[in-house]
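Take a look at the letters that make up each chain.
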Amino acid sequence: MSQSYNSIKPNVIDDEMVQKAVEELWPEDTGKLAKQEDILQIDNLWQFENLTKLQLDNNIIKKIEALESLVHLVWLDLSFNNIEVIEGLDTLVKLQDLSLYNNRISRIEHMDTLQELQIFSIGNNNLTTMEDVIYLRRFKNLRTLNLSGNPFCDNEQYTLFVVAHLPDLVYLDFKLMSDTMREVAVSKYQDLTELLEHKEAQALAQLEENQAKQRELEYHKAAFVEYLNGSFLFDSMYEEDTEAARLAYLPGVDDLLQAYRKEFVSVCEELFNYGLKEYEKREAKVSNFYKSLQKALTATHQEWQSIILDFKNRNKKRLDEIHNATSYDIAESKRDEYKEDILQLSEALMTLEMLTADQMEELIKDFKRNVAVIASTFIENVKGIVNQCRDLENCHHEKLLEIYITTLEKSAKNELDEDLPDDVRMLLVDKNTTVNAANMSHGIRLLKINKRECDIFCNTYCWQASVTEKAFQNEINRHHGRVKEIVHYIDSLQEALDNLETLEPME
């Protein structure tokens, strides 16, 4: 099942080998690499992003690696090697045909991303458990499968098990699966497959639910208000506050805390809803900006085409006149006229592009001002809402202090009815101890509120900077590209003129 390299010289795929493989196929098929022999290690394929077929069979390869860049690969042959583990295939999402025949593989795994797989050959390996067949159920397009030569094929129920669990297979081990075989297999393993289908449906439902939650969370993050639609911020204010946990045992504190929690969460939800609404406004503003930008560029492009069309119409016969001139002097005169036309065309196109660049700059500057207003307005309104949280915290703190002082006085007079834990009674030794503990808790909670507010501000400033920087950079790239295009077009016209054959001057 494997190849020995005791008697041969192992190779690593290097630049020289790659060049040889390309030359052997060029120019017949640039989407493939010709087969090379005695390869021990896969490497140096990063430059072949557009490769669709790769044949590396009958080598001594031990590990699947260095294929990350081959994202367009459709066909891969790694048969007759020394591979022990299926790995390194995650980015090959377009792969349809995979051969791992005659290797040392003992488990089918790490293939989850290969959802386009239609043909899979993994015969003559070390597969011993039928669970590997169940793994293949995730490939909904799989129609041709070769498992022959593996230890589990000796099981007399092997074929029926595979067909029952992979009912869409057309060919198994080079044999066409008949409807009769399919019916027998499905009937025999019906109980198992129905249970499996139920579990798969549950798993799929859970996956879809998790994905929906993740999409929702990403949406909330984009609006800078993640985890504000509930008690997350409030709970986080208390999760590390040991003093508050001890003081909560004091009479009246729990009722006060529940009332505070309700009001605080209500303000958080107000901030959350405001953030989502403003996010939609921001997205609409950005979208409208790019629409207006595209509208202006479309008008400019039409003018650009009009200038070039006018040039072509006016100079349609010019080259023929130069070529067919009856004398050298006439040809040179026509050539000079054409050179002047090219120069005027260049000036017209460059002038149009400069005007366009100025127009784009003004639009982007206006967009930048609008974005700044949006960001500053959002931040000011967030400050107002977050200040409500601070006010609630300050009010809650004042009420807590009143309870603490009252409890302290009752404790001093031995009038407490409640049986308090020892660590709580320690806080009631004197007023300073109690007040210091309360102030420490209060400070922790305010820090949590301030940090959440700061996070929103930072995200807003980052959005403002990135969205404007992107607009400016896009315009820089567009402008440079258009200037380069103009220069290239003018140069091509000049080259065509220079290469035009005319009469030689008379001696």
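Owing to the predicted nature of the structure, the values given are computational and were not obtained by experimental measurement. (Residues numbered from 1 in each chain as written. Predicted model: local features only at pLDDT ≥ 70, side-chain atom pairs only at ≥ 80, totals over all residues. Heavy atoms only, no water.)

Structural notes on the overall build of the protein chain
What the protein chain contains, in helices and strands, is 12 helices and 10 strands. Taken over 507 residues, the protein chain has a buried fraction of 39%. A separation of at least 24 residues holds for 60% of the contacts in the protein chain among residues at least 6 apart in sequence. Carbon and sulfur atoms provide 51% of the accessible area of the protein chain, an area that totals close to 28,900 Å². (Helix = DSSP H or I, 4+ residues; strand = E, 2+ residues; numbered from the N terminus. Buried < 20%, exposed > 50% of the residue type's maximum accessible area, 1.4 Å probe, protein only. Contact = heavy atoms within 4.5 Å. Areas by Shrake-Rupley, 256 points an atom, 1.4 Å probe, with all protein chains shown as cover.)

Focus on the packing of aromatic side chains
Evaluated as defined, the whole model comprises 15 aromatic pairs. Here Y135 and F139 contribute two aromatic rings whose centre-to-centre distance is 6.1 Å and whose plane-to-plane angle is 70°, an arrangement assigned as edge-to-face. Side by side, Y135 and F139 carry an identical accessibility label, which is buried. Three or more aromatic residues joined by ring pairs make a cluster, and in this case those are F234, Y238, Y260 and F264. (Phe/Tyr/Trp six-rings, centres within 6.5 Å; stacked < 30°, edge-to-face > 60°.)

Focus: helix α5 (residues 190–222)
Helical geometry: 3.6 residues make up each α-helical turn, so side chains three or four residues apart lie on a common side. In this model α5 runs 47 Å from its N-terminal to its C-terminal C-alpha over 33 residues, within 8% of the 48 Å that 1.5 Å per residue would give. Buried within α5 we find T193, L196, L217 and H220. Residues of α5 that are buried make contact with α2 (131–135), α3 (158–165) and α8 (253–314). F224 sits one or two positions beyond α5 and adopts a positive phi of about 65°. (Expected span 1.5 Å × (residues − 1).)

Observations regarding the environment of D491
Position of D491 among the secondary structure elements: in helix α12 (residues 431–498). Sequence spacing of D491 and I342 is 149 residues, and the spatial spacing of their C-alpha atoms is 9.4 Å.

Observations concerning the state of the cysteines
In the structure shown here, the tally under the stated rule is 0 disulfides. The structure places no disulfide on C458, whose sulfur is separated from the nearest cysteine sulfur, that of C454, by 3.9 Å. Its relative accessible area of 37% is what places C458 among the partly exposed residues. Here C462 is not cross-linked by a disulfide; its sulfur's nearest cysteine counterpart is in C458, at 6.5 Å. (Disulfide = S-S within 2.5 Å.)

What to know about the pattern of salt bridges
For the coordinates displayed, the defined rule picks out 17 salt bridges. The salt bridge partner of R138 is D112, with a shortest N-O separation of 3.0 Å. Here D112 lies in the loop between β6 (97–99) and β7 (119–121) and R138 lies in the loop between α2 and β8 (144–146), a separation of 26 residues in the sequence. For R138, a relative accessible area of 32% puts it in the partly exposed group. A salt bridge links R390 to E453; the nearest nitrogen and oxygen atoms lie 2.3 Å apart. (Salt bridge = Lys/Arg side-chain N within 4 Å of Asp/Glu carboxyl O.)

Quick word on the nonpolar core
Note on soluble globular proteins: their nonpolar side chains tend to be buried together. In terms of nonpolar packing, the biggest core is built from 51 residues, with L67, L76, L98, M111 and F120 touching the most fellow members. Of all the secondary-structure elements, those providing two or more residues to this core are α2 and α3. Looking at this core, the element that brings in the most residues is α3, giving 6 residues. In contact with M111, not counting residues within four places along its chain, are I86, L98, L117, F120, Y135 and F139. Membership of the second largest hydrophobic core comes to 41 residues, among which are L233, M237, L257 and I364. (Core = buried A, V, L, I, M, F, W, Y, C linked by side-chain atoms within 4.5 Å.)

Details of unusual backbone geometry
Even without a glycine there, the phi angle at N102 is positive, about 60°. Although it is not a glycine, Y227 sits at a positive phi angle of roughly 65°. Its location among the elements puts Y227 in the loop between α5 and α6 (232–239).

Here we look at the environment of A372
Of note, A372 is situated in helix α10 (residues 328–412). C-alpha of A372 to C-alpha of T468: the two residues are 96 residues apart in sequence and 9.4 Å apart in space.

Comments concerning the packing of α8 against α12
Packing of α8 against α12 brings their axes to within 13 Å, and their N-to-C directions diverge by 5°. When the axes of α8 and α12 are compared, the pair comes out roughly parallel. Residue composition of the contact of α8 with α12, by class: 17 nonpolar, 2 polar and 6 charged. (Axes fitted to C-alpha atoms, helices over the stretch in contact; angles between N-to-C directions. Parallel < 35°, antiparallel > 145°, perpendicular 65-115°, else oblique. Nonpolar A, V, L, I, M, F, W, Y, C, P; charged D, E, K, R; others polar.)

Description of the packing of α6 against α8
Running from N to C, α6 and α8 cross one another at 135°; their axes reach a closest spacing of 8 Å. Between α6 and α8, the angle is such that the two are oblique. On α8, the residues touching L233, F234, D235, M237 and Y238 of α6 are L257, Y260, R261, F264 and C268. The class makeup of the residues in the contact of α6 with α8 is 8 nonpolar, no polar and 2 charged.

Things to note about a nonpolar patch on the surface
Together, V170, Y171 and L176 make up a nonpolar patch on the protein surface, roughly 270 Å² of accessible area in all. Inspection of the secondary structure puts V170 in the loop between α3 and β9 (171–172). (Patch = residues over 30% accessible without salt bridge, like charges linked within 9 Å, V, L, I, M, F, W, Y side chains within 5 Å.)

Points about the side chain of T300
In this structure, T300 sits in helix α8. You can call T300 buried: its relative accessible area is 10%.

Observations concerning the environment of L172
Here L172 is to be found in strand β9. As a C-alpha pair, L172 and R143 span 29 residues in sequence and 8.5 Å in three-dimensional space. Excluding its chain neighbours within four sequence positions, the residues that come into contact with L172 are L145, Y158, T159, V162, V163 and M177.

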